[in-house]
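Residue strings, one per chain:
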Amino acid sequence: MVKLRLKRMGKTHYPVYKIVAADSRFPRDGRFIESVGTYNPNLDPMEVTLKEVRIKYWLNVGAQPTDTVRNLFKKEGLMLRLRLEKKGVSAEEIESEVQKFLSLKESNISRDRDKKAKRKLKQKAGKDVKETDAKAEVKAEPKVEPKPEVKEEPKAEVKEEPKAEVKEEPKAEVKEEPKTEPKEEPKAEVKEEPTTEPKAEPKAE
């Protein structure tokens, strides 16, 4: 499919674009079929040159413009011209309508400038505020705020109930009975009776 799109040209940080008719399969900065205009966004106001006859041809054939290219055509009044031609309006009326549209273009440009200026001011103000805040934070010594004293309420002491002491009952002492040794009965002492031996009489010499 053929597309009307931008091809980047120019230097680094200074882009200039060609408006080209190219196959959608070709790379952006690669080969193209035909150049139909230029676009320089670096100027104020931006500079756009269009080959209207060739652009009309490609649009009638079925080429699709990208969103950016379509917006450029609208700003230049080309899309308005094509719409009126399709409706069958006379050439004089088309020219008068296009001239009215282009006269409003300058007011639109000034309005866009004001918007950009306001946006830049907001960005600068935001940066300044951030820088001043950062400097203030660096200069200001970190104040150590005294911690509020938290009075600890005396904790209700939980009195431990004395544990019921389990008194150990004294063990019944088992008295060992002395072993009863069999008492030996005292033996009846046999009194030896004195033997009455006859005294020997002395022999007479």
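This write-up is about the structure you can find in this document. Each chain carries its own residue numbering, running from 1 in the direction its sequence is written. pLDDT decides what is reported in this predicted model: residues at 70 or higher carry local features, side-chain atom pairs at 80 or more are listed and counted, and totals for whole chains, interfaces and linings draw on all residues regardless. Computation of side-chain values covers all heavy atoms of the structure but excludes hydrogens and water.

Topic: the overall build of the chain
Selection criterion: Each helix corresponds to a stretch of at least 4 residues labelled H or I by DSSP, and each strand to a stretch of at least 2 residues labelled E; elements are numbered beginning at the N terminus. For every residue, the accessible area (1.4 Å probe, protein chains only) is compared with the maximum for its type, and the residue is labelled buried under 20%, exposed over 50%, or partly exposed between those bounds. Throughout, a residue-residue contact means that at least one pair of heavy atoms, one from each residue, lies within 4.5 Å. Using a 1.4 Å probe, accessible areas were evaluated by the Shrake-Rupley method; residue-level cover was limited to the displayed protein chains.
A count of helices and strands for the chain gives four helices and five strands. For the chain, with 205 residues in total, the buried portion stands at 18%. Summarising the internal contacts of the chain: among those between residues at least 6 apart in sequence, 37% fall at separations of at least 24. Accessible surface, the chain as shown: approximately 19,600 Å² in total, 52% of it carbon and sulfur.

Here we look at the sheet that holds strand β1 (residues 2-11)
In plain terms, the rule: Think of it this way: DSSP has to see at least two bridges between two strands before they count as a pair. Working convention: axes come from line fits to C-alpha atoms, limited for helices to the stretch in contact. Angles between N-to-C directions cover 0 to 180 degrees.
If you trace the five strands from one edge of the open sheet to the other, you get β4-β3-β2-β1-β5, paired in mixed fashion. Here the strands that pair on one side only, and so sit at the sheet edges, are β4 (47-50) and β5 (64-65). Pairing geometry for strand β3 (residues 34-40) and β4, over four bridges, is antiparallel. Residue pairing in the sheet places Tyr39 in a bridge with Val48 of β4. The strands touched by helix α2 (residues 67-75) within the sheet are β1, β2 (14-23), β3, β4 and β5, with β1 carrying the most contacts at an inclination of about 90 degrees.

Quick notes on helix α3 (residues 78-87)
Taken together, the buried positions of α3 are occupied by Leu78, Met79, Leu80, Arg81, Leu82 and Leu84. Just downstream of α3 lies Gly88, where phi reads positive at about 85 degrees.

With respect to helix α1 (residues 52-61)
Put simply, the rule is: Directions pointing from the helix axis toward each C-beta atom define the arc.
Every buried residue belonging to α1 is among Ile55, Lys56, Trp58 and Leu59, and all of these are buried. When α1 is viewed along its axis, its buried side chains cluster within an angular range of 165 degrees and face the same direction. Opposite the buried face of α1, by more than 90 degrees, sit the exposed residues Val53, Asn60 and Val61. In the stretch just after α1, Gly62 is the one whose phi turns positive, near 120 degrees.

Some details on the packing of aromatic side chains
Here is the rule: Ring geometry is summarised as follows: Phe, Tyr and Trp rings, the Trp one being its six-membered ring, pair when their centres sit within 6.5 Å, and such pairs are stacked at plane angles under 30 degrees, edge-to-face over 60 and tilted between the two.
If you walk through the whole model with that rule in mind, you get two aromatic pairs. Note on Tyr17 and Tyr39: the rings are 5.9 Å apart at their centroids and 20 degrees apart in plane angle, and the pair reads as stacked. Here Tyr39 lies in strand β3 and Tyr17 lies in strand β2, a separation of 22 residues in the sequence. Measuring from centroid to centroid gives 5.2 Å for Tyr57 and Trp58, while their planes differ by 70 degrees, and the two rings are edge-to-face. Residue Tyr57 is classed as partly exposed on the basis of its relative accessible area of 39%. Judged by relative accessible area, Trp58 falls into the buried class, the value being 10%.

Some points on the layout of surface pockets
Keep this limit in mind: Note on definitions: the grid is 1 Å and covers protein atoms alone; a cavity is a set of points where a 1.4 Å probe fits but cannot get out; a pocket is an open set with protein on both sides within 12 Å along at least five of seven lines; lining residues have an atom within 4 Å of a point. Grid points are joined across faces, edges and corners, and a volume is the space filled by probe spheres set on the points. Polarity classes work like this: nonpolar for Ala, Val, Leu, Ile, Met, Phe, Trp, Tyr, Cys and Pro, charged for Asp, Glu, Lys and Arg, and polar for all others, with Gly in that last group.
Its volume calculated, the largest pocket comes out at about 700 Å³. What lines the largest pocket is a set of 23 residues, and nearest its centre among them are Met46, Lys75, Ile109, Asp112 and Lys116. Those elements giving two or more residues to the lining of the largest pocket turn out to be α2 and α4 (91-139). For the lining of the largest pocket, the element with the most residues is α4, which contributes eleven residues. Across the lining of the largest pocket, the residue classes tally to nine nonpolar, four polar and ten charged. Its boundaries defined by the atoms lining it, the second largest pocket holds a volume of some 210 Å³.

Purely geometric numbers; function is a separate question.
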